[in-house]
Amino acid sequence: ETGSPVPTDLHYKGKPWPNVEKDHAAAVTYMDSKVGEIIQLLKNLGIDDETIIFFASDNGAHTEGGNGEDGVHDHRFFDSTGGLRGQKRSLYEGGVRSPSMVRWPGAIRRGSRSDLQWAFWDAFPTIAALAEAP
């Protein structure tokens, strides 16, 4: 594909899925591998325990991508909204709720969950407070 930011299809090439969904799965897998590389680097540098990683989406699942012959990504294909109504650019929960993860091995227990409701505008003051910025 021209202009594709990730390798097309990766190991999903043989799946009986629409091409646009193979590409979507490949993009998620590619991103996951790159995050893994960052975590490994932090471990190699010996700064993993004191490094906080924030990982968040900017919106709910989308219904975009692909080209005319492949169609567009269908947020229902992988149940990307987790059953919530709506998708990106809608005001329903499926459009505004998005996953957020924080990894901080020295302070957050692995596998823990929080029901804390927050919005991304909370990130800057939270990070500033953690850094004890004036």
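See the structure above.
The rules behind the values
Residues numbered from 1 in each chain as written. Predicted model: local features only at pLDDT ≥ 70, side-chain atom pairs only at ≥ 80, totals over all residues. Heavy atoms only, no water. Helix = DSSP H or I, 4+ residues; strand = E, 2+ residues; numbered from the N terminus. Buried < 20%, exposed > 50% of the residue type's maximum accessible area, 1.4 Å probe, protein only. Expected span 1.5 Å × (residues − 1). Contact = heavy atoms within 4.5 Å.

(A) Spotlight on unusual backbone geometry. The backbone of Arg89 sits at a positive phi, close to 75 degrees, despite the residue not being glycine. With respect to the element layout, Arg89 can be found in the loop between strand S1 (53-56) and helix H2 (93-96). The backbone of Glu132 shows a phi angle near 55 degrees, a positive value even though the residue is not glycine. Structurally, Glu132 can be placed in the segment after helix H3 (123-130). Using a relative accessible area of 69% as the deciding quantity, one classes Glu132 as exposed.

(B) Expanded view of helix H1 (residues 19-45). Helix length check: H1 (27 residues) gives 39 Å between terminal C-alpha atoms against 39 Å at 1.5 Å per residue, within 8%. All of the buried residues along H1 are Val20, Glu21, Lys22, Asp23, Ala25, Ala26, Ile39 and Leu42. Looking at the buried positions of H1, the neighbouring elements they touch are S1 and strand S2 (100-103). Following H1 by one or two positions, Gly46 has its phi on the positive side, about 75 degrees.

(C) Examining the environment of Gly60 more closely. Summarising the element assignment, Gly60 is placed in the loop between S1 and H2. Take Gly60: its relative accessible area is 7%, and that puts it in the buried class. It is 5.4 Å that separates the C-alpha atoms of Gly60 and Gln87, two residues lying 27 residues apart in sequence. Setting aside residues no more than four positions away along its own chain, Gly60 makes contact with Lys88, Gly94, Gly95, Arg97 and Ser98.

Everything listed here is a matter of coordinates, which is why it stays silent on function.
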